[in-house]
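# Working through the structure, step by step
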Amino acid sequence: MVPFRKMHGLGNDFVVLDARAHPLPVTPARAAAIADRRWGIGCDQVIVLEPGTDGADVFMRIRNPDGSEAGACGNATRCIASLIAGETAADHITIRTISGDLLAERLGDLWRVDMGPARLGWQDVPLARAMDTLRLPFEDAAACSMGNPHATLFVPDLDAVPVATLGPLLEHDPLFPDRANIGFVQVINPEHIRLTVWERGAGLTLACGSGACAALVNAARRGLTGRAATVTLPGGDLHIEWRTDGHVLMTGPVATAFTGTIDLDALPL
Ligand SMILES: N[C@@H](CCC[C@H](N)C(=O)O)C(=O)O
């Protein structure tokens, strides 16, 4: 039996497995089975902790419910920072991902993560062909990478958008060779936007931290907001700041819902 921790950031929920002391056989198929809300534990992402090396406190591997691996997960990064801080009492944690190192800092009850630089080139997202990422050839959309691919669609009324229909269509659009997370944004004012995200490999979630970073960056590039804003998601608020050096800071809460154990060999594969 393998211990797990169920955590979430604004309802974006994770099963966290600890493979730091002993490797765990979390294949893509097993991750999908764990994430299944009927046959497994259920979550938006499965997070596997692996040993940190060369200055990193931990390596965080991120898998979506379809088994695919992701390069970034903002909400999970805050959760893992608080988990590691609980072990070491440190206020600054370095989390390594396949996209690079992320620095997290405790701010009272909240955690702030330097999500690294927003990448704005079409090859960075990636898109299928050369173009200005500020104006995609459909809808009113822009794109960028936060270590994972994001498209942001600007809409006048978020409540009127059929996110569950449009989201999967756009996620699989040939413009996105690695698929994409699709964020729908309504600008309330230059310091406040609303966002709902259809996540690549996961579907509709209550919050997406990297999506919130991408939404603020794309809104600021369009001149619709300043470089800092509150992003209201269905699960609650994140504060996002796009620094002048290109790095994006994300501040928000973390929570542990429950802990338990799971028999990985008993999962339906
Ligand atoms: N929930 C995450 C993003 C998780 C990965 C994403 N679905 C992808 O495939 O890129 C967040 O909080 O950023």
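An unreviewed UniProt entry lists the chain under the name Diaminopimelate epimerase, from Belnapia arida. Per UniProt, the comment on the chain under Sequence similarities (unreviewed entry) is "Belongs to the diaminopimelate epimerase family." UniProt annotates the chain under Catalytic activity (unreviewed entry) with the comment "(2S,6S)-2,6-diaminopimelate = meso-2,6-diaminopimelate".

Quick look at the UniProt feature "binding site: substrate" (unreviewed entry) in the chain now. When the UniProt feature table is mapped to this numbering, "binding site: substrate" (unreviewed entry) covers Asn12, Gln45, Asn64, Gly74, Asn75, Asn148, Asn181, Glu199, Arg200, Gly209 and Ser210. Excluding anything up to four places from it in sequence, asparagine 12 contacts Met7, Asp44, Gln45, Cys73, Asn75, Glu199, Thr205, Leu206, Ala207 and Cys208. Within the secondary structure layout, glycine 74 lies in helix α2 (residues 74-88).

The next subject is the environment of glutamine 186. Take glutamine 186: it is sitting in strand β11 (residues 181-189). For glutamine 186, a relative accessible area of 14% corresponds to the buried category. Counting along the chain gives 31 residues from glutamine 186 to valine 155, while the straight-line C-alpha distance between them is 5.3 Å. Not counting residues up to four positions away in its chain, the partners in contact with glutamine 186 are Val155, Pro156, Asp157, Leu158, Ile193 and Arg194.

Quick look at the site of the ligand now. Within the structure, the ligand sits among 15 residues, and Asn12, Asn64, Glu199, Gly209 and Ser210 are positioned closest to it. Measuring from a nitrogen atom of the ligand, one finds a side-chain N or O atom of glutamine 45 at 3.2 Å. Take asparagine 64: an N or O atom from its side chain is 2.8 Å from an oxygen atom of the ligand. Within the complex, the protein chains bury 100% of what would otherwise be the 370 Å² of accessible surface of the ligand. Of all the elements in the fold, those that place two or more residues in the shell around the ligand are α2 and α4 (209-221). Of the residues contributing to the shell around the ligand, the split by class is four nonpolar, nine polar and two charged.

Next up on the list: the packing of aromatic side chains. Applying the stated criterion to the full structure yields two aromatic pairs. Centre to centre, the rings of phenylalanine 4 and phenylalanine 258 are 6.0 Å apart; their planes meet at 85 degrees, and the pair counts as edge-to-face. In this pair, phenylalanine 4 is assigned in strand β1 (residues 2-9) and phenylalanine 258 in strand β17 (residues 255-262), connecting sequence segments 254 residues apart. Taking the centre distance of 6.2 Å and the plane angle of 85 degrees together, the rings of phenylalanine 138 and phenylalanine 176 count as edge-to-face. Within this pair, whereas phenylalanine 138 is found in the loop between β8 (110-117) and β9 (141-145), its partner phenylalanine 176 is found in the loop between α3 (163-171) and β11, the two being separated by 38 residues in sequence.

Rules used throughout
- Residues numbered from 1 in each chain as written.
- Predicted model: local features only at pLDDT ≥ 70, side-chain atom pairs only at ≥ 80, totals over all residues.
- Heavy atoms only, no water.
- UniProt positions renumbered as here; feature names shortened; annotations may be inferred.
- Contact = heavy atoms within 4.5 Å.
- Helix = DSSP H or I, 4+ residues; strand = E, 2+ residues; numbered from the N terminus.
- Buried < 20%, exposed > 50% of the residue type's maximum accessible area, 1.4 Å probe, protein only.
- Near = heavy atom within 4 Å.
- Polar contact = N/O pair within 3.5 Å; in protein donor to acceptor, adjacent residues only side chain to side chain.
- Areas by Shrake-Rupley, 256 points an atom, 1.4 Å probe, with all protein chains shown as cover.
- Nonpolar A, V, L, I, M, F, W, Y, C, P; charged D, E, K, R; others polar.
- Phe/Tyr/Trp six-rings, centres within 6.5 Å; stacked < 30°, edge-to-face > 60°.

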